[in-house]
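The lines below spell out each chain.
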Amino acid sequence: MFREFEIVKNISIDKDIFVLKLKNEPYIKGLPGQFAMIRINNSYDPLLLRPFSFYKISSDTIEFLYQVKGKGTYLLSKKRERDRLRILAPLGTNFPLPEKNEKITIIGGGMGIAPLSFLLDLLPEGVKIYSFIGFYTKVSKKLWKNFEERSDYFLITTEDGSIGERGKILDFIENLEEFNRIYACGPISMLKELWKRVEDKSKLYISLEERMGCGIGICLGCIFPGKERNLHICKDGPVVSGVEVNFE
Amino acid sequence: MNSNLKIQVGSLVFKNPILLASGTSGFGKEISQFYPLEILGGFVTKSITLKPKKGNPPPRIWETYCGLLNSIGLENPGLEEFIYYEMPFLEKINTNIFVSIAGESIKEYQELAKNLKNLNISGIEINLSCPNVDRGGIQFGLDPDILYELTKSIVKISQKPVWVKLSPEVGKIIPVVNLVKDAGAEAVVIFNTFLGLAIDWKERKPVFKRIFAGLSGPAIKPLVLRYIWEVYEKSSIPIIGCGGIMEFGDVMEYILAGASLVEIGTANFINPNIGKEIILELENYFKEERIEDLVGLAHKRKEVSL
Ligand SMILES: Cc1cc2nc3c(=O)[nH]c(=O)nc-3n(C[C@H](O)[C@H](O)[C@H](O)COP(=O)(O)O)c2cc1C
Ligand code: FES
């Protein structure tokens, strides 16, 4: 499970936003929503591995989408083609796929679009897809092209109105009850509001984020309050059903 | 298996000096997907309490330079669930299993020891880093009378080897170590985490709800080694070293400074195979010599520097 992969490319596709592409060898069969823990350096600073959701997986390559936010992601952005990275994967739970002919919605905020884009790649024929994605400000079309192309209905918003509608993405979704399933990933405030608005919580699948120490359930660092018990995001998640969590 | 790695501590024999530290590998199931736990010299469970504990709210971990601050708050399933769900797996593992216990009163520790008495485990590790609610919240390790009474009663009740895991807060260590030895402990574990602090300067507030948190990882290794050295010089109780062990060379430093065994903690998070990888390196290194002969050897070679 903890193996070395070669970088095929690691390029910026927008300000601070990168796509890391690895050779899928040894082969990883990861699912949308699942993640990998990446060892960024062979030194002890930064000390911990970093979690990244799968963005795209093919038989030849694995891709991750990331934003440079701190020391770890900064160092990762400096890695070059042919460098090798030690990776623990695949980890965590995945988004369950819908049945044919279901009507679903995909709601993404910011970098939360990464696992949702991968989900889009694997949806069966005949699913009716409504995609809503929101950002703070203008981002490269490379980030949302997949959503625009694969969805039956597509809406993009930015908080400053620099592309798409101006405002927050949830303000543009009127009726959530009409969907058979709702898939979401993004900032916690967005997930919380969404969770409160969805009546039948069993239709809702959200991908959660928290600091991770290990990714495999041994540090107990990645806690999220659940309905009946603590959820450990790396093991019980990152994808959880709306009935499992408690945002009250 | 390489018999040169074998080492005796108190009444127990260990096939090698590598153990996994409490709270850094749960109850073993996760790591056992990476390698069979029986290759380890031993395994220490996550600390258990009498009743289940939910632990602290997030954030619970915070990275520092070469270190990790944690404020998990002893989240654990409690004694009953531990015995029911975790013991059946643990007791099948052919190595020394230590159950770490934590409590908020002497009575709680005693109750735990009573219930562990009949289980198929090698021993008990006492985690002292809890506040003693009967004594205004002072840590157990900081009150000599209580520490003596506690250790003595756990040795008596459990009828098993008992290790006492100290926290760096103990201050003057030699009196404490001797007291623990007199109370009947077979070894001391040095150390639990160091208390540290992080401020989220952007939010202008402490990172953790509990303000202070435990620092572990490579940053603390030299600090711990200095205590291992001192205890080896001035006391005869066997030492289990713990703190910042990341690789083979770190284990060697601990052994040479005077530890008979070591516990690997945070390194499991960075590399879940670390226990196995270090054992393989030990097997290679100790082809001719016996590890037992190297314990504390650096003390004899002080003058050899240069
Ligand atoms: C996330 C985390 C949880 C821990 N939980 C416990 C625990 O339940 N009981 C205990 O005695 N020590 C606990 N420890 C302390 C470790 O066992 C060890 O003493 C300490 O981390 C120093 O070793 P290291 O630098 O190799 O991690 C914990 C440490 C960490 C990082
Ligand atoms: S990240 Fe360690 S338990 Fe989830």
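Above this text is the structure in question.
Residues numbered from 1 in each chain as written. Chains lettered and ligands numbered in written order. Predicted model: local features only at pLDDT ≥ 70, side-chain atom pairs only at ≥ 80, totals over all residues. Heavy atoms only, no water.

## Here we look at the sheet that holds strand E8 (residues 123-127) of chain B
Residue and element names in this part refer to chain B. Here is the rule: Pairs of strands are assigned from DSSP output, requiring at least two bridges between the strands. Runs of H or I in DSSP of at least four residues are treated as helices and runs of E of at least two as strands, each being numbered from the N terminus. Structural elements are reduced to axes, namely lines fitted to C-alpha atoms, with helices fitted over the stretch in contact, and the angle between N-to-C directions of any two is expressed from 0 to 180 degrees.
Pairing in this closed barrel of eight strands is parallel, and the strands run E3-E4-E7-E8-E11-E12-E17-E18 around the ring. The average undirected angle you get between the axes of adjacent strands in this sheet is 25 degrees. When strand E7 (residues 96-101) meets E8, the two strands line up parallel, connected through four bridges. Residue pairing for E8: valine 99 is matched across the bridge by isoleucine 124.

## Considering the nonpolar core
Quick reminder of the rule: Residue types Ala, Val, Leu, Ile, Met, Phe, Trp, Tyr and Cys, when buried and joined through side-chain atoms within 4.5 Å, form a set referred to as a nonpolar core. Accessibility here uses a 1.4 Å probe with only protein chains present; expressed as a share of the type maximum, an area under 20% marks a residue as buried, one over 50% as exposed, and anything in between as partly exposed. The criterion used for residue contact is that any of the two residues' heavy atoms lie within 4.5 Å.
Core analysis: the largest hydrophobic core is formed by 146 residues, its most contacted members being Ile107 of chain A together with Leu116, Leu166, Ile173, Ile190 and Leu282 of chain B. With sequence-adjacent residues up to four places away left out, isoleucine 173 of chain B is seen in contact with Leu166, Ile190, Phe191, Tyr227, Glu230 and Val231 of chain B. Grouped together as the second largest cluster of nonpolar side chains are 29 residues, Ile13, Ala114, Phe154 and Ile163 of chain A included.

## Some words on the pairing of strand E9 (residues 128-135) of chain A
Residues and elements named next belong to chain A. Worth spelling out the cut-off: Assignment of crossover handedness uses the view with strands pointing away from the viewer, where a clockwise path from the first strand over the helix to the second indicates a right-handed crossover.
Extensive coverage of E9 is indicated by the burial of seven of its eight residues. Here strand E8 (residues 103-109) runs beside E9; their pairing, made up of seven bridges, is parallel. Of the residues in E9, the one forming a bridge with glycine 108 is isoleucine 133. With respect to chirality, the unit in which E8 leads through helix H2 (residues 113-122) into the neighbouring parallel E9 is right-handed.

## Here's the deal with the pattern of salt bridges
All names here are of chain A. Quick reminder of the rule: A carboxyl oxygen of Asp or Glu within 4 Å of a side-chain nitrogen of Lys or Arg is what we treat as a salt bridge.
All told, the structure shown has 26 salt bridges over all chains when counted by the stated rule. Note that glutamate 4 is salt-bridged to arginine 84, the shortest N-O span being 2.7 Å. Pair noted here: glutamate 4 is in strand E1 (residues 2-14) and arginine 84 is in strand E7 (residues 84-91), with a separation of 80 residues, a long-range link. Among the residues examined, glutamate 4 registers a relative accessible area of 39% and is labelled partly exposed. Exposure remark for arginine 84: the relative accessible area of 45% places this residue in the partly exposed category. For arginine 150, the salt bridge goes to aspartate 121, with nearest N and O atoms at 3.3 Å. In this pair, arginine 150 sits in helix H3 (residues 141-150) while aspartate 121 sits in helix H2, placing the two residues 29 residues apart along the sequence.

## Considerations on the interface of chain B and chain A
Note the following rule: Throughout, the accessible surface (probe 1.4 Å) given up by two parts as they are put together, summed over both, is called the buried area.
Taken together, the contact pairs 35 residues of chain B with 28 residues of chain A. Taken together, the two surfaces of chain B and chain A that pack against each other cover about 2,600 Å², and 63% of this comes from carbon and sulfur. Together, Glu63, Phe269 and Ile270 of chain B form the three largest contributors to the area buried by chain B at its contact with chain A, with a combined 24%. At the surface where chain B touches chain A, the tally comes to three salt bridges. The partner of glutamate 30 of chain B in a salt bridge is lysine 235 of chain A, with the nearest N and O atoms 2.6 Å apart.

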